[in-house]
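Here is what each chain is made of, one letter per residue.
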Amino acid sequence: MNAAAKPAAPRPSVYAWAESFVPEAEAARDARSAAERMGIGSVSPGVAGVLGFLAGTIGARAVAEIGTGTGVSGLALLDAMAPEGVLTSIDSEPEHQGAARTVFTAAGHANRRARLIAGAALQVLPKLSDGAYDLVFVDGDPLEYVEYVEQGLRLLRPGGLLVLHHALAGGRVADESNEDDEVVIIREALAAVKESEELSPVLLPLGDGLLVARRA
């Protein structure tokens, strides 16, 4: 390959194929349908697959999630975590968490494995224990991403993983002329991760962008 040549950008059809490479289970499809009925977003199949892969690879026993939704991401994590693992998931909408609980139960996960906390993330996170989590997944309010990064770093054990969804914000983050509030905050969060001496990141163009960082 010519050293000066640049790789061609994948076509949308290639991204779509990659997203659907690992088929979703019925429970995941049910969770996604519930999200559509409630008019809320959920992680893409590709992102769910990565979450499960990461949780399984590190043998996660304790995971914190910001943004329960209807349980699409939570189910991917629970399915891959250690059998005794516990997911702590925070969401400001109890109705969404009720739908997620239904999904988790239908998939065979005992209630004790999913600790669902209804409340504002920035009020709940400081109450969680330092260094007690193997993985922290962020899918909450983009305007709070900088604080989520700070809290996530505190919560993670050495070798734990911080995962941020919406890292590309529909491609707007890469557009230097875009100064929307959400975009600016996400850029600041990405910069905080990239500049941290305690985190080693990689940015994946799946879903709406997935930043994965390992804590030293």
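In what follows, the structure referred to is the one given above.
Residues numbered from 1 in each chain as written. Predicted model: local features only at pLDDT ≥ 70, side-chain atom pairs only at ≥ 80, totals over all residues. Heavy atoms only, no water.

Asker: Residue-level account of the pattern of salt bridges, with values.
Answerer: On inspection of all chains with the given rule, the structure shows 7 salt bridges. Among the salt bridges present, the one from Asp130 reaches Arg154, with a minimum N-O distance of 2.3 Å. Of this pair, Asp130 sits in the loop between α6 (121-124) and β4 (133-138) while Arg154 sits in helix α7 (residues 145-155); the two residues are 24 residues apart in sequence, bridging distant segments of the chain. Between Glu182 and Arg172 there is a salt bridge, and its shortest N-O distance comes to 3.8 Å. Taken as a pair, Glu182 in helix α8 (residues 181-195) and Arg172 in the loop between β5 (156-165) and α8 lie far apart in primary sequence, 10 residues in all. The class of Glu182 is partly exposed, set by a relative accessible area of 32%. The network of salt bridges with shared partners includes Arg172, Asp180 and Glu182. (Salt bridge = Lys/Arg side-chain N within 4 Å of Asp/Glu carboxyl O. Helix = DSSP H or I, 4+ residues; strand = E, 2+ residues; numbered from the N terminus. Buried < 20%, exposed > 50% of the residue type's maximum accessible area, 1.4 Å probe, protein only.)

Asker: Describe in detail the nonpolar core, supporting the description with residues and values.
Answerer: Counting residues in hydrophobic clusters, the biggest one holds 31 residues, and the most contacted among them are Leu125, Val136, Val138, Tyr145, Leu162 and Leu164. Counting residues per element, the ones that place at least two in this core are β1 (62-66), α6, β4, α7, β5, α8 and β7 (210-215). Examining the composition of this core, we find that 6 residues originate from one element, α8, more than from any other. With near-sequence residues (within four places) excluded, Val136 lies in contact with Ala64, Gly152, Leu155, Leu156, Leu161, Leu162 and Val163. In this structure, Ala48, Ala76, Leu78 and Val163 belong to the second largest nonpolar core, which totals 29 residues. (Core = buried A, V, L, I, M, F, W, Y, C linked by side-chain atoms within 4.5 Å. Contact = heavy atoms within 4.5 Å.)

Asker: I'd like a rundown of the pairing of β1, residues and numbers included.
Answerer: Extensive coverage of β1 is indicated by the burial of 5 of its 5 residues. Burial along β1 is two-sided: the residues Ala62, Ala64 and Ile66 and Val63 and Glu65 are all buried. As paired elements, β1 and strand β2 (residues 86-91) share 5 bridges and run parallel to each other. In the strand pairing of β2, Ile66 is matched with Ile90. You can see the chain leave β1, run along helix α4 (residues 72-80) and come back into β2, and the turn it takes is right-handed. Pairing of β1 with β4, which is carried by 4 bridges, proceeds in the parallel orientation. Across the sheet, residue Ile66 finds its bridge partner in β4, namely Val138. (Pairing = 2+ DSSP bridges. Right-handed = clockwise from strand over helix to strand, strands pointing away.)

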